Amino acid sequence: MLEMTREEFEELVAEALDRIPPELTRLMDNVAVFVEDEPPSDDPDLLGLYEGTPLTERGEWYAGVLPDRITVYRGPTLRMCDTREDVVAETEVTVVHEIAHHFGIDDERLHALGYG
């Protein structure tokens, strides 16, 4: 397994977020991004997870709620990648994938776009 500290991995996630076009990041609303070492035990290969209410499903009722949560998992990403460059690329795909869920884009469409 490729070795990378949590701090190094968090930096890669931050860099992936920085590469999201500003036009999109300005539209992101009430969402926080986290890095965890491992996903839930029932899905050990999960690279990222979006938990919340997509922007496309929010209505007048949406007020005073906790932020949506995007989590990127370090362990499975490092286990599936052979090089640091692979980790950079996979982290970027994962971040884009989870942000897309925030915008209401489903897995089927993301796979069609190459972000599966």
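Residue numbers run consecutively from 1 along every chain, following the written order of its sequence. With the structure being a predicted model, the display of local features is reserved for residues of pLDDT at least 70 and the display and counting of side-chain atom pairs for 80 or more, all residues being used for whole-chain, interface and lining totals. Hydrogens and water molecules were not included; the side-chain quantities draw on all heavy atoms of the structure.

In the annotation of an unreviewed UniProt entry, the chain is listed under the name Metallopeptidase family protein and assigned to Streptomyces ramulosus.

1. A short note on helix H4 (residues 84-102)
What counts as a helix is a DSSP run of H or I of at least four residues, what counts as a strand is a run of E of at least two, and both are numbered from the N terminus. One fewer than the residue count of a helix, multiplied by 1.5 Å, yields its expected span. Here H4 spans 27 Å end to end across 19 residues, near enough to the 27 Å set by a 1.5 Å rise per residue. For each residue, the accessible area found with a 1.4 Å probe, counting protein chains only, is set against the maximum for its type, and the residue is called buried under 20%, exposed over 50%, and partly exposed in between. Of the positions making up H4, those classed as buried are Val87, Glu90, Thr91, Thr94, Val95, His97, Glu98, Ile99, Ala100, His101 and His102. Contacts made by the buried residues of H4 are with helix H1 (6-18), strand S1 (31-36), strand S2 (48-51), strand S3 (68-73), helix H3 (74-80) and helix H5 (107-112). At the C-terminal side of H4, Gly104 shows a positive phi close to 90°. Residues are treated as being in contact if the distance between any of their heavy atoms lies within 4.5 Å.

2. Some thoughts on the packing of aromatic side chains
Planes of paired rings set the category: under 30 degrees apart is stacked, over 60 is edge-to-face and the rest tilted, where pairs are Phe, Tyr or Trp rings (Trp by its six-membered ring) whose centres lie within 6.5 Å. The full count for this structure, using the stated rule, is 1 aromatic pair. Ring geometry for Trp61 and Tyr62: centres 5.6 Å apart, planes at 80°, overall edge-to-face. The exposed category is assigned to Trp61, whose relative accessible area is 52%. For Tyr62, a relative accessible area of 15% gives the class buried. In this arrangement the basic side chain of Arg69 is found over the ring face of Phe34, its NZ or CZ atom lying 3.9 Å from the centre. Whether a charge sits over a ring comes down to the Lys NZ or Arg CZ being within 6 Å of the ring centre and within 35 degrees of the ring normal.

3. Comments concerning the packing of H1 against H4
Relative orientation and spacing of two packed helices are given, respectively, by the angle between their axes and the distance between those axes. Only the contacting stretch of a helix is used when fitting its axis, a line to C-alpha atoms as for every element, and angles between N-to-C directions run 0 to 180 degrees. The geometry of H1 relative to H4 is characterised by a closest axis approach of 9 Å and an angle of 55° between their N-to-C directions. The orientation of H1 with respect to H4, classified from their angle, is oblique. In terms of crossing hand, the pair formed by H1 and H4 is right-handed. Residues Phe9, Leu12, Val13, Ala16 and Leu17 of H1 touch H4, and the partners they reach there are Arg84, Val87, Val88, Thr91, Glu92, Val95 and Ile99. Considering only residue class, the contact of H1 with H4 consists of 9 nonpolar, 1 polar and 2 charged. Throughout, the term roughly parallel applies to angles under 35 degrees, roughly antiparallel to angles over 145, roughly perpendicular to angles from 65 to 115, and oblique to all others. By definition, turning the near helix anticlockwise from the far helix through less than a right angle yields a left-handed crossing, and turning it clockwise yields a right-handed one. Amino acids are sorted into nonpolar (Ala, Val, Leu, Ile, Met, Phe, Trp, Tyr, Cys and Pro), charged (Asp, Glu, Lys and Arg) and polar (every other residue, Gly among them).

4. A word on the sheet that holds S2
In spatial order, the strands read S1-S3-S2; together these 3 strands make up an open sheet with mixed pairing. Two strands close off the open sheet at either side, each with one partner strand: S1 and S2. The average undirected angle you get between the axes of adjacent strands in this sheet is 15°. Sheet contacts for H1: S1 and S3; angle to S1, the most-contacted strand, approximately 150°. Contacting S1, S2 and S3, H4 runs over the sheet at an angle of about 15° to S2. We call two strands paired when DSSP finds no fewer than two bridges between them.

5. Remarks on the side chain of His97
Within the element layout of this structure, His97 appears in helix H4. In this structure the side chain of His97 is engaged in a polar contact, spanning 3.0 Å, whose partner is the side chain of His101. The contact partners of His97, leaving out residues within four places of it in the chain, are Asp107, Leu110, Tyr115 and Gly116. Pairing of N or O atoms within 3.5 Å defines a polar contact, subject to two protein rules: one partner must be a possible hydrogen donor and the other a possible acceptor, and residues neighboring in sequence count only if both atoms are side-chain atoms.

6. Remarks on the pairing of S2
Along any regular strand the residues' side chains alternate between the sheet's two faces. Only one face of S2 is buried: it carries Gly48 and Tyr50, and the other face, with Leu49 and Glu51, is open. The pairing of S2 with S3 spans 4 bridges and is classified as antiparallel. Pairing of Glu51 across the sheet is with Arg69, part of S3.

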